[in-house]
Structure formats: structure tokens, C-alpha cells
Amino acid sequence: MTQKVALITGITGQDGAYLCEFLLKKGYIVHGIKRRASQFNTDRIDHLYQDPHIENRNLVLHYGDLTDSMNLTRIIQEVQPDEIYNLAAMSHVKVSFETPEYTANADGVGTLRILEAVRLLGLTEKTRIYQASTSELYGLVQAVPQTETTPFYPRSPYAVAKMYAYWITVNYREAYNMHASNGILFNHESPIRGETFVTRKVTRAMSRIALGMQDTVYLGNLDSKRDWGHAKDYIRAMYLILQQDKADDYVIATGITTTIRDFVKMAASEAGLEITFKGEGADEKGYLSAIDETVFTEKVGEQYLEQMKARINAEPLVAVDPAYFRPTEVDLLIGDPTKSKTVLGWEPKYDLAGLVEDMMQSDIKLMKKDCYLQEGGYRTLNYFE
Ligand code: NDP
Ligand code: GDR
């Protein structure tokens, strides 16, 4: 049987890395597009790297960018993919307010460039396309839980760009009979989530605080609610979407929503720390109110316990910095995954508790390494962003 060929844009990102590993295990030949950067930027896929000098590689990386039509067209022509997963994007909602034009170009028009390249190269019959759409499309709450038919009301330049990408995907499907589908994925996280998204920022900070490497973590809006799943589960859904005979759009979510505040409490409790919030708005602060010494000793280490005890009801571990507020916020996301469960047979394996445990375990281990390097005088690090 001939091996299937997949092209992943955004292969160096969280989802790209997990999907790459998943497709390689399924026997695919995987091509990925990475951006040229002044430093190595392939950390997340380095364990899968194959020396370009060996024959019959099944992972090949190409330099490219979603803002460069000629580059994308050439790569697609060379690769002749059976499946394209368009995961590349300027994916940070807050940053999109600072770089709105670039975000529109990469996240919106970038999708058009891929669809049009496939069409112009005469690959519409052969190539199936997955577009990384997002729950941010729902934005200002119209109805919950959000389904495939809930109206969109985007609330950021990122979401508006992704709205264009969503509809141009639908349009190319209808106009040219292309197998092009949207996965409307709700937030999904993991130990390799980007460090400036709220979940990872919190799990890193809680780990560093427990180890005495950081005093306080500054966050923005603690009231917003997100439907968080595990990226490992969500990339499986992407694959399933492209295995369907007919292209279509699917919500991928858990159906459970949680505030940022509660996520902080859950992450802290993984390290045996109980956090109590006091105050409101910009004055709200999270204090250490108790320590489960058995959990702390097992997960973090007995040698760090005394310094942690000194923080009970003292200076806050969590504070609000309005610099992290967004000009327009998405208050509530809760998705209804009924269609993906019934049509795709998709089932997540992780719940939120399992996700938090996975992220905290990984970050405590990582931060301990940094702690030893720092204590040994080999490295100083600043993680305050
Ligand atoms: P990441 O931010 O981790 O990864 C984004 C990837 O896109 C990186 O590989 C990045 O490269 C690449 N990239 C950014 N700009 C360009 C560009 N102009 N040209 C080529 N590549 C580019 O995102 P995730 O893995 O979390 O998300 C994957 C996709 O799914 C994104 O499109 C995101 O918007 C969307 N999404 C994510 C959700 C989530 O909760 N994670 C939910 C719903 C949708 P580099 O490594 O060089 O920065
Ligand atoms: P989101 O994820 O905007 O939902 O987009 P993010 O983790 O950035 O924010 C979630 C919520 O947390 C609030 N928040 C903070 N956010 C960040 N980043 N940093 C903070 O300090 C902080 N404090 C509070 C935010 O205001 C927000 O309400 C993610 C991205 O992966 C998108 O690409 C994707 O499309 C959507 O998820 C679904």
C-alpha cells in the first residue's frame, strides 16, 4: 500500500508537533512548513527529526510562511499532499490587537493562499484540507453551549481573521467541490502549550513559586470561562475529520467550562497548595491559605517546604495586572461536541483534572531542572511574561 502524504503548516507549534508524531505513527510521510528564525525553533519536534542525508525519510521540513503565496504553491506542488493540515497562525488573541494587519494576512489570507494553490495546481480531487478554526469565532455570547450552528460574533483581530478563513474554506468546498473542512476547536492545552497562554503561564508559575524561584504571578481577567481539553485528544479529531468521505465542519470541545480563577486553584493544588482569592477586579489577589504537606513533599520536595510555609497568609501568590486585559473579551466558551462524537466517533481521553495533572507534573520537573542549573550558577532565567 502506498504511504499517505501529509503537509502540516505550523508543525513547530503545539498542535503541529503532536499531529506530526501521530501521523508518523500511522505510517504517513509528513512534510512540515517551518519559519526561518534567528535561533532554532524546532524544539517541539526535535525528537522526531531525521537527518536529511538519510534516504527515504518520512519527515521532511521546508522553510515557508503563510504570507508567501509563491513559497506555498511551490511546496504544495513538490509535495503533492493527500492531506493538508493548516495549523499555522499568529495564534495569540491579545497579541492580535497589537499586530492586526499581520494577523489578517497570516491567519485569514494565508488560508486562501493554500486553498487557491491546491485549486490552481489541479489537486482538488486529490488533496483534502483541514482548517484550524476556533471557538473564538463565537466571541460575544449568542447562545450556549456553542454548536456548529451558533452564530459567530468575533471579538478580536485574531477571531475576525479566523472568521475569513472559516468562510473561505466553506466557500471553496461549495464552489469547487473541494474536500475542505473546518475543525472549530475549543481551547486545548498540554505540557508543550506556548508559555504565554494562560494555562501554561499558570502551571509554570505555580511550579516556580513552589520551588521558591518566583514570588508572584500577574494575570489578567480571572472571570472568563474556557472549555479546556488536551491537545493530544484534539489532534486525533483533526485526523478523523479528514478521513470522512464528505467534508464538513465540526465542534471539538469537552462541554465543561471553568474560570481562570478555578484553573489557578486546580494547578496550585497539584503541588499541595491551597489558594484563596480576596478582593475584586484589579485588586483581586490569591493568597496561600494552606499546604497539604504530604502532597507538597511528594510532588515538589521536602527541602522547599519550610520556605513555602512562611508564605501562608503572607504576600499574595497571584495578583491582577490590567495590562493583560483585552480591549474586548470573550467571557464564556462552552462547546457541544455531540456532532463530532456521533459522526466522527471522537472521544476525549483526558478530563480537566487529568490535563492539569499532566501539565503540572511536566512543569515541576522542568522548573526543577532550571532551579538546579540556577543554584549551580549555570543559568539565570526570567519567566515573567
Ligand atoms: P501555536 O501558536 O503553538 O503554533 C502556531 C504555529 O504557526 C507555529 O508553528 C508557528 O511557527 C506557526 N506560524 C505562525 N505564523 C506563521 C506564518 N506566518 N507562516 C508560517 N507559520 C506560522 O498554535 P497551536 O498549535 O496552539 O494552534 C494551532 C492552530 O490552531 C492555530 O491556527 C490556532 O490559531 C488554532 N487554534 C488553536 C487552539 C488552541 O487552543 N491551541 C484552539 C483553536 C484553534 P513558530 O513556531 O515559528 O512561531
Ligand atoms: P484564548 O487563550 O485567548 O482563549 O485563545 P488564552 O490562554 O490566551 O486566554 C484565555 C483567557 O484567560 C484570560 N487571561 C489571560 N490570558 C493570558 N494569555 N495571559 C494572562 O495573563 C491572562 N490572565 C487572564 C484571557 O483574558 C482569556 O479570557 C486560545 C488560543 O490558543 C487561540 O489561538 C485559540 O483560537 C483559542 O484559545 C480557542
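What counts, and at which threshold
Residues numbered from 1 in each chain as written. Chains lettered and ligands numbered in written order. Predicted model: local features only at pLDDT ≥ 70, side-chain atom pairs only at ≥ 80, totals over all residues. UniProt positions renumbered as here; feature names shortened; annotations may be inferred. Buried ≥ 20, exposed ≤ 12 C-beta atoms within 10 Å, placed from the backbone. Helix = DSSP H or I, 4+ residues; strand = E, 2+ residues; numbered from the N terminus. Core = buried A, V, L, I, M, F, W, Y, C linked by C-beta atoms within 7 Å. Contact = placed C-beta atoms within 7 Å. Pairing = 2+ DSSP bridges. Axes fitted to C-alpha atoms, helices over the stretch in contact; angles between N-to-C directions. Near = placed C-beta within 6 Å. Nonpolar A, V, L, I, M, F, W, Y, C, P; charged D, E, K, R; others polar.

The protein chain is annotated in an unreviewed UniProt entry as GDP-mannose 4,6-dehydratase of Draconibacterium aestuarii. Recorded under Function (unreviewed entry), the UniProt text for the protein chain is reproduced unchanged: "Catalyzes the conversion of GDP-D-mannose to GDP-4-dehydro-6-deoxy-D-mannose."

A. Highlighting helix H8 (residues 260-270). Among all positions of H8, only Phe263, Val264, Met266, Ala267, Ala268 and Glu270 are buried. Two residues or fewer after H8 comes Gly272, characterised by a positive phi angle close to 85°.

B. Geometry of the nonpolar core. The biggest cluster of nonpolar side chains holds 67 residues, and the ones touching the most others in it are Ala6, Ile8, Leu19, Cys20, Tyr85, Ile129 and Ile252. A per-element tally of this core places helix H5 (residues 157-176) first, with nine residues. If sequence neighbours within four positions are ignored, Ile8 has contacts with Gly16, Leu19, Cys20, Val30, Gly32, Tyr85 and Leu87. Counting 34 residues, the second largest nonpolar core, distinct from the first, contains Val300, Leu317, Met359 and Met367.

C. Expanded view of the sheet that holds strand S6 (residues 180-185). Taken in spatial order, the seven strands make up an open sheet running S3-S2-S1-S4-S5-S6-S11, and their pairing is parallel. Since the sheet does not close on itself, it has two edges, and those belong to strand S3 (59-63) and strand S11 (250-252), each with one partner. Mean inter-strand twist for the sheet, computed between neighbouring axes without regard to direction, equals 20°. Sheet topology places strand S4 (residues 83-86) next to strand S5 (residues 128-134); four bridges connect them, and they run parallel. What sits directly across from Ile84, in S5, is Ile129. Helix H1 (residues 14-25) contacts strand S1 (5-9), strand S2 (29-34), S3 and S4 of the sheet and is inclined by roughly 165° relative to S2. In this fold helix H4 (residues 100-120) packs onto S4, S5 and S6, with an angle of close to 170° to the strand it touches most, S5.

D. Region of the structure containing the site of ligand 1. Near ligand 1, the surroundings consist of 26 residues, among which Gly10, Gly13, Ala88, Ala89 and Ala132 are the closest. Taken together, the elements giving at least two residues each to the shell around ligand 1 come down to H1 and S5. No other element matches the three residues that H1 contributes to the shell around ligand 1. Residue composition of the shell around ligand 1, by class: 10 nonpolar, 13 polar and three charged.

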